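The chain contents come next:
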Amino acid sequence: MDRPAIETRGLSHAYGSVVALHDVDLQIPPGRVGLVGANGAGKTTLIRILLGMLTPTRGTAEVFGLDTRAYELEVRARVGYMPEGNCLPPDQTAADFLIYAAALGGLPSRAARQRASDVLTLVGLEEERFRPLGGFSTGMKQRTKLAQAIVHDPELVFLDEPTAGLDPEGREEMLELISRLGSFGIDVLVSSHVLGDIERTCDWVVMLEGGRVLRSGPLASLVDVDTVEVDLIDDPEPLIAVLVAAGAAVERSGTRLLVTADGKDPFLLVRDALADTGTGIRSMGPRSTSLEDVFLAVEGSR
Amino acid sequence: MTARRGVVYDLGYVRYDGPRLGRRGAVTATVRDGMFRILGFHRKARYKILPFFLLALAVLPAVAFVGFSFLLSNFAPDAESPFGGHAEYFSLIGTTVLLFVALAAPELLIPDRRHGVLSVYSSRPLLPDDYVWARFGALLAVLSLFLLVPQFLMYIGFSALTGETLMAELIARAGELPKIVLTAAVYALAYAPPALLIAAYTKRKAVASGVYLAVMLVGMGLVAGVVQATVLPGHRFAALAALIEHPNYVRDWIYGRSATQELIVSQAGFAPWVSAVMIAAVAGISLLLVVRRYRRSM
């Protein structure tokens, strides 16, 4: 791994008697990182600690190698944040608010105006920039929130539930924007409880549950356990016997079989077994393990 | 004629590699936004009406006084100005300033909390203390328009009317300037921090304005009643709670005027320096409590 963008050691935080994070050790590389977990898993608490907004009860957190408690202003000068809740003043126009957000990020006036205009165009709000934010739809508000998070050109942006409350079309647009951030050279940490969103936008995943890290690693390594799904016309038993004898694991559901093989290509095993037994099939294809499968499997094994 | 042909370049996202002003830039932006917010700039016209109406109420009498004094000087060159001087003008606009502070302080603090904008400040190079001091600075800056601009207009206007040459008279009257600035600071310190304190702990702007005016105006009536009820032990100390009167008492002290017996603090037998200490103490405690509030929520 390159130098981690984010690193935590023994990070814990409690709100009174409620433990939000428990002994979290993480090394997260630059790139697009997904932070997944159910509501209350500790995602927002982790982000707030990384921003220096919360002081952890125990442990340390570093962003770009800077301790978030000792160097909170230096860290904040290099990051952006899109909160889950509302953060938009309804009586200001999108342009005025973005100019202010850029100036708060330390940009001089002229640069702030230029950046505000550019970023509003980027998120597709150039036509709406002189409208008060109070009249914006949920989708437009989410895009404005994303715009304020990147208007000062941060190196890393934290997005807390960016697709919350969006309709399917708005969600697509938001996911598209998040995917593009990586190509702009901005590292992204996206928090979401929608696993599909993380699968589509991220290349590294951190799974949190009950304030603990379930898994942290490249998305590919978590979801690369390929499974072959076969739907049979004939009796499945002879085929199952041959597959098991060849070292495959078979899960049967009626006439449907899910075949996996440790260290072997399950496609080749199924092909050979079908040829040996002469079993007729309706369909056959890959069934990739989704992030949801991994999440449920890891959670179930605890 | 050949048609003009253009080429569209998709510049995509352009990284910013110019200067970054850091914390200083964030504080400056917060002060400027605060000033714009309480004057209604960058917002609909209706937000500008009240602040500019009150500003006109504070400034226009000074313009009128200078104008009438000019007319009067044409008829009776040796006559004294019937409108009083700088000290009296502070009394004249006191209520206007108080009303403005009652409206401005909630406008500075409450919308940011109510609409979640604090989370934006929290992600920028700005500490909670910076935010509070920047908002206080914005209020002081706008208050200076109310408290200093009319005084400077009178200073220049009366100098132009009475002197041989304007410059000579401005220099001759220069001793007034420190008194004007000091008295303006006293009024600003007496009025602004308590309003910010109430706004910091109130959810609605109208409630914050109402509570502030009640504390400053209605509270004074209660204090007067307690002070005059001589049967109560230590009754005279209630006069110290007459927050609205302290700046008047200190103003008289600065201008070397004997305090009128209309002032409750004076009736209660306190020296003017006690009022100065009270203003400083209330301002200090109020601002510390505001900072404490924002350290918890940012």
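Above: the structure in question.
The structure displayed is predicted, hence computed values, not measured ones.

Draft legend 1. Structural detail: the overall build of chain B. Looking only at helices and strands, one finds 12 helices and 0 strands in chain B. Projected onto its principal axes, the C-alpha positions of chain B cover 85 × 55 × 30 Å. Looking at chain B as a whole, 46% of its 298 residues qualify as buried. Surface accessibility of chain B: about 14900 Å² in total, with carbon and sulfur atoms responsible for 67%. When the 28 basic and 16 acidic side-chain charges of chain B are each reduced to a single mean position, those positions are 17 Å apart.

Draft legend 2. Layout of the interface of chain A and chain B. Contact with chain A, which involves 40 residues of that partner, is made by 33 residues of chain B. Notably, a salt bridge pairs B:Arg43 with A:Asp91, separated by 2.7 Å at the nearest N-O pair. Between chain A and chain B we count 19 residue pairs in polar contact (both at pLDDT 80 or more) in total. Within the residue set of the side of chain A that touches chain B, elements represented by two or more residues are α2 (72-76), β6 (79-82), α3 (94-104), α4 (109-122) and α5 (138-150) of chain A. Ranked by residues supplied to the side of chain A that touches chain B, first place goes to α3(A) with 6 residues. In terms of residue class, the side of chain A that touches chain B is built from 25 nonpolar, 8 polar and 7 charged.

Draft legend 3. Structural context of the sheet that holds strand β1 (residues 6-15) of chain A. Residue and element names in this part refer to chain A. The strand order β2-β1-β4-β5 describes an open sheet built from 4 strands, whose pairing is antiparallel. Each edge of the open sheet is held by one strand with a lone partner, namely β2 (18-28) and β5 (66-67). As paired elements, β1 and β2 share 7 bridges and run antiparallel to each other. Within the sheet, the bridge partner assigned to Tyr-15 lies in β2 and is Val-18.

Draft legend 4. A look at the side chain of A:Asp197. All names here are of chain A. Positionally, Asp-197 belongs in helix α7 (residues 195-201). In terms of polar contacts, Asp-197 uses its side chain to reach the side chain of Arg-171, at 2.4 Å. Discounting residues that sit within four places of it in the chain, Asp-197 has contacts with Thr-163, Arg-171, Leu-175 and Ser-192.

Draft legend 5. Quick peek at the environment of A:Gly31. Residues and elements named next belong to chain A. When you line up the elements, Gly-31 lands in the loop between β2 and β3 (32-36). Sequence separation of Gly-31 and Val-188 is 157 residues, and the distance between their C-alpha atoms is 6.2 Å. For Gly-31, the residues in contact, after removing those within four places along its chain, are Asp-187, Val-188 and Asp-203.

Thresholds applied
- Residues numbered from 1 in each chain as written.
- Chains lettered and ligands numbered in written order.
- Predicted model: local features only at pLDDT ≥ 70, side-chain atom pairs only at ≥ 80, totals over all residues.
- Heavy atoms only, no water.
- Helix = DSSP H or I, 4+ residues; strand = E, 2+ residues; numbered from the N terminus.
- Buried < 20%, exposed > 50% of the residue type's maximum accessible area, 1.4 Å probe, protein only.
- Areas by Shrake-Rupley, 256 points an atom, 1.4 Å probe, with all protein chains shown as cover.
- Lys, Arg positive; Asp, Glu negative; His and termini not counted.
- Charge placed at Lys NZ, Arg CZ, Asp CG, Glu CD.
- Contact = heavy atoms within 4.5 Å.
- Salt bridge = Lys/Arg side-chain N within 4 Å of Asp/Glu carboxyl O.
- Polar contact = N/O pair within 3.5 Å; in protein donor to acceptor, adjacent residues only side chain to side chain.
- Nonpolar A, V, L, I, M, F, W, Y, C, P; charged D, E, K, R; others polar.
- Pairing = 2+ DSSP bridges.

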